[in-house]
Amino acid sequence: MSTATRPTQDARVDLTVWSTTATLVITDPDTLDLATAALSDVLAEIERACSRFRPDSEINRILADPGRPATLSPILNAVIGQSLRVAAATGYLVDPTVAAAVIAAGYDRDIADVLATGPIADRSGNSWGDRAPGAWHLTHDPRSSTLTVPTGIGIDLGATAKAFAADEAATRIAAAVGGGVLVGIGGDIAVAGDPPPGGWRIDVADDHRARGDARQTVAISAGGLATSSTTVRRWPTASGWRHHIIDPRTGRNPDSPWRTVAVAAATCVDANAAATAAIVLGHRAPEWLIEQGLPALLIGLQGTARAVAGWPPPVVTG
């Protein structure tokens with residue numbers, strides 16, 4: 001399940017990025033060109049800084065020279081800070097040091113390239129199955145913008161960077177053009193500025209790109225709404241299907257009763273981290289989300305839905 005904005009009378013543009021779709025909706029159509037340029041700038045900054053698939057990305061250059069402090073760009077400094085914050089907040093259930101396990105599972109290229117190659121070899125005899133080293137091994141000083149990564153530790157910022165991009169783009173665009181702004185990237189949504197009457201209506205569906213397949217429609221006026229799912233970003237291997245969500249405690253896909261979880265929070269980063277942690281937590285997820293005060297919709301493997309912690313009621317459309 002992912003989230004998708006419903007068609008509106010507001011100005012909207014959809015961009016293809018990272019084998020998914022970035023959606024921008026604004027309440028002032030006259031500023032669409034300026035807002036689109038700002039979104040493109042943020043997406044380009046995030047890719048140059050955080051991409052695991054670009055050899056020349058800033059994070060890959062740092063990983064190629066481990067064991068010494070590296071000075072970070074402002075954007076990577078912010079993403080690393082958010083990644084380490086949510087790692088600690090989730091009890092390290094969402095941990096950027098899962099890179100080796102993600103790669104061993106077969107996600108070693110852009111997902112479109114992974115799917116294009118067909119079933120990959122079973123790598124369970126190698127690092128696949130090894131627990132993540134732990135984000136506490138990373139030394140980050142946000143004030144001096146430095147990061148030290150010990151030798152042998154990889155970093156995957158996928159659980160944070162996409163959601164951070166949505167938050168950052170929505171905030172920048174609202175400051176630049178005023179009005180209301182919604183940015184969705186691969187189903188992770190952030191809103192800023194003045195919402196339209198009744199709030200931003202968002203379809204919750206198995207795939208944000210699948211029109212007419214909404215499980216329900218909800219409305220939000222601030223913050224973010226994000227999902228984590230085992231049904232979309234997945235690929236075949238010789239020993240069965242794998243997906244991108246890794247339990248850092250085992251290095252494997254979690255044996256979860258939830259195929260997808262959607263969460264509303266103060267930011268898209270927080271929403272996405274909580275949704276991912278909930279899938280990893282499994283049966284304990286509803287209790288944990290209630291304890292955190294995070295409204296969520298959990299979808300079981302057979303499609304049964306459970307709403308907790310004040311998940312917004314469906315919007316009646318007609």
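Higher on the page you've got the structure.
Residues numbered from 1 in each chain as written. Predicted model: local features only at pLDDT ≥ 70, side-chain atom pairs only at ≥ 80, totals over all residues. Heavy atoms only, no water.

**Here we look at the pairing of strand 11 (residues 223-229)**
Just so we agree on the cut-off: Any residue under 20% of the maximum accessible area for its type is buried, any over 50% is exposed, and the rest in between are partly exposed; the area is computed with a 1.4 Å probe on protein chains only. Helix and strand assignments follow DSSP, with helices taken as H or I runs no shorter than four residues and strands as E runs no shorter than two, numbered in order from the N terminus. Should DSSP find at least two bridges between two strands, the strands are regarded as paired.
The buried fraction of strand 11 amounts to 7 of the 7 residues, a majority that puts the element mostly inside the structure. Covered by surrounding structure in strand 11 are G223, L225, T227 and S229 together with G224, A226 and S228, the residues of both alternating faces. Alignment of strand 8 (residues 188-193) against strand 11, held across 3 bridges, turns out to be antiparallel. Across the sheet, I189 pairs through a bridge with L225, a residue of strand 11. In the sheet, strand 11 pairs with strand 14 (residues 258-265) via 6 bridges, with the strands oriented antiparallel. From the neighbouring strand, G224 faces strand 14, where its bridge partner is A265.

**Points about the packing of aromatic side chains**
Heads up, the rule is: Ring geometry is summarised as follows: Phe, Tyr and Trp rings, the Trp one being its six-membered ring, pair when their centres sit within 6.5 Å, and such pairs are stacked at plane angles under 30 degrees, edge-to-face over 60 and tilted between the two.
Counted by the stated rule, this structure contains 1 aromatic pair. For the pair Y92 and W136, a centre-to-centre distance of 5.0 Å together with 90° between the ring planes defines the contact as edge-to-face. Highlighted residues: Y92 in the loop between helix 3 (74-89) and helix 4 (99-104) and W136 in the loop between helix 5 (111-116) and strand 5 (139-141), separated in sequence by 44 residues. By relative accessible area, which is 28% here, Y92 ends up partly exposed.

**What about the packing of helix 3 against helix 7 (residues 268-281)?**
Quick note on the threshold: Axes here refer to lines fitted to C-alpha atoms; in helices the fit is confined to the stretch in contact. Angles between the N-to-C directions go from 0 to 180 degrees. Working rule for angles: under 35 degrees goes down as roughly parallel, over 145 as roughly antiparallel, 65 to 115 as roughly perpendicular, anything else as oblique. In a left-handed crossing the near helix is turned counterclockwise from the far helix by less than a right angle, and in a right-handed crossing that turn is clockwise. Here, two residues are considered to be in contact whenever any of their heavy atoms come within 4.5 Å of each other. In this classification, the charged set is Asp, Glu, Lys and Arg, the nonpolar set is Ala, Val, Leu, Ile, Met, Phe, Trp, Tyr, Cys and Pro, and all remaining amino acids, among them Gly, are polar.
Packing of helix 3 against helix 7 brings their axes to within 10 Å, and their N-to-C directions diverge by 40°. Between helix 3 and helix 7, the interaxial angle falls into the category oblique. Our pair here, helix 3 against helix 7, has a crossing hand that is right-handed. Mapping the contact onto sequence places Q82, R85 and V86 in helix 3 and V269, D270 and A273 in helix 7. In terms of residue class, the contact of helix 3 with helix 7 is built from 3 nonpolar, 1 polar and 2 charged.

**Thoughts on the sheet that holds strand 15 (residues 296-300)**
Read from one edge of the open sheet, 8 strands run 2-3-7-8-11-14-15-16, paired in antiparallel fashion. If you trace the sheet from one side to the other, it starts and ends with strand 2 (11-17) and strand 16 (305-308), each paired once. Pairs of neighbouring strands in the sheet enclose a mean axial angle of 10°, with direction left out of account. Packing of helix 1 (residues 32-50) onto the sheet brings it into contact with strand 2, strand 3 (20-26) and strand 7 (180-185), and relative to strand 2 it is tilted by some 25°. The sheet strands contacting helix 7 are strand 8, strand 11 and strand 14, and the helix crosses strand 11 at an angle near 30°.

**Focus on the sheet that holds strand 5**
Here 3 strands make up an open sheet; going across it, the order is 4-6-5 and the pairing antiparallel. Edge positions in the sheet fall to strand 4 (70-71) and strand 5, since each of these pairs with one other strand and no more. Sheet analysis places strand 4 next to strand 6 (residues 146-148), joined by 2 bridges and oriented antiparallel. Considered in strand 6, the bridge of A70 is made with L147. Sheet contacts for helix 3: strand 5 and strand 6; angle to strand 5, the most-contacted strand, approximately 125°.

**Thoughts on the side chain of T31**
You can see T31 is positioned in the loop between strand 3 and helix 1. Assessed through its relative accessible area of 13%, T31 is described here as buried. Residues within four places of T31 in sequence aside, it is in contact with I26 and V177.

**Remarks on helix 3**
What counts here: To estimate how far a helix should extend, the number of its residues minus one is multiplied by 1.5 Å.
Compared with an ideal rise of 1.5 Å per residue, which puts 16 residues at 22 Å, helix 3 spans 22 Å between its outermost C-alpha atoms and is within 8% of the ideal. Looking only at helix 3, the buried set comprises I75, L76, N77, V79, I80, S83, L84, V86 and A87. Positioned one or two residues after helix 3, G91 has a phi angle of 65°, which is positive.

**Details of the pattern of salt bridges**
Note the threshold: Take a side-chain nitrogen of Lys or Arg and a carboxyl oxygen of Asp or Glu: if they are within 4 Å of each other, that pair is a salt bridge.
With the rule as written, the count across this model stands at 10 salt bridges. Measuring nitrogen to oxygen at the nearest pair gives 3.2 Å for the salt bridge that ties D14 to R12. Across the salt bridge formed by R85 and D270, the nearest N and O atoms sit 2.7 Å from each other. You can see R85 sitting in helix 3 and its partner D270 sitting in helix 7, a full 185 residues away along the chain. Among the residues examined, R85 registers a relative accessible area of 36% and is labelled partly exposed. D270 gets classed as partly exposed once you look at its relative accessible area, which sits at 24%. Each of E45, E168 and R172 takes part in salt bridges that share partners, so that together they form one network.

Everything listed is a geometric property; what it means functionally is a separate question.
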